Amino acid sequence: QVQPVESGGGLVQPGGSLTLSCAASGSILRTNAMAWYRRAPGKQRELVERITPAGSTNYADSVRGRFTISRDWAKNTVYLQMNSLKLEDTADYYCGSTNWTPGSDYWGQGAQVTVSS
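A quick note: this is a predicted structure, and the numbers were derived from the prediction, not measured.

How each quantity is defined
- Residues numbered from 1 in each chain as written.
- Predicted model: local features only at pLDDT ≥ 70, side-chain atom pairs only at ≥ 80, totals over all residues.
- Heavy atoms only, no water.
- Helix = DSSP H or I, 4+ residues; strand = E, 2+ residues; numbered from the N terminus.
- Rg over C-alpha atoms; globule rule 2.2 N^0.38 Å.
- Phe/Tyr/Trp six-rings, centres within 6.5 Å; stacked < 30°, edge-to-face > 60°.
- Buried < 20%, exposed > 50% of the residue type's maximum accessible area, 1.4 Å probe, protein only.
- Lys NZ or Arg CZ within 6 Å of the ring centre and 35° of its normal.

Topic: the overall build of the chain
Now for step 1: Secondary structure summary: the chain contains 1 helix and 10 strands in total.
Now for step 2: Mapped from its N terminus to its C terminus, the chain presents α and β elements in the order β-β-β-α-β-β-β-β-β-β-β.
Now for step 3: Taking 2.2 N^0.38 as the reference for a compact globule, 117 residues should give roughly 13 Å; the C-alpha atoms of the chain span a radius of gyration of 13 Å, in line with that estimate.
Now for step 4: Along the longest, intermediate and shortest principal axes, the C-alpha atoms of the chain span 40 × 25 × 25 Å.

Pasting the structure below:
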């Protein structure tokens, strides 16, 4: 019903860190695999990381060892901890169910991450 709300984006230097937050309904979090996606300028959407209701996670090769997805049931929030950021990590980041169709009304506005010297 209500779209997720992403926050925590900003401007950071290469090698720096940021943590993104995704506030969503408890019903969605407990019944869907949730994921962070990103869209870089001129690029198609990319699946970054996902987490199932049981806690299983998957990572894209491009972020493995640098990004970590987690959740807090009490806060109804999914997080993305981003370390060792690179220029190519610059993108708009979105949180949502892996079953949602791109462009549907379920998605929120995203969080902008810019990595620059």
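Additional details are given in the paragraphs that follow.
Comments concerning the packing of aromatic side chains
Now for step 1: In this structure the tally under the stated criterion is 3 aromatic pairs.
Now for step 2: With centroids separated by 5.3 Å and ring planes inclined at 85°, the aromatic side chains of Trp-100 and Trp-107 adopt a geometry described as edge-to-face.
Now for step 3: When its relative accessible area of 12% is taken as the criterion, Trp-107 is described as buried.
Now for step 4: Joined through ring pairs, the aromatic side chains of Tyr-37, Trp-100, Tyr-106 and Trp-107 make up one cluster.
Now for step 5: When the ring centre of Tyr-37 is taken as reference, the NZ or CZ atom of Arg-45 above it lies at 4.0 Å.

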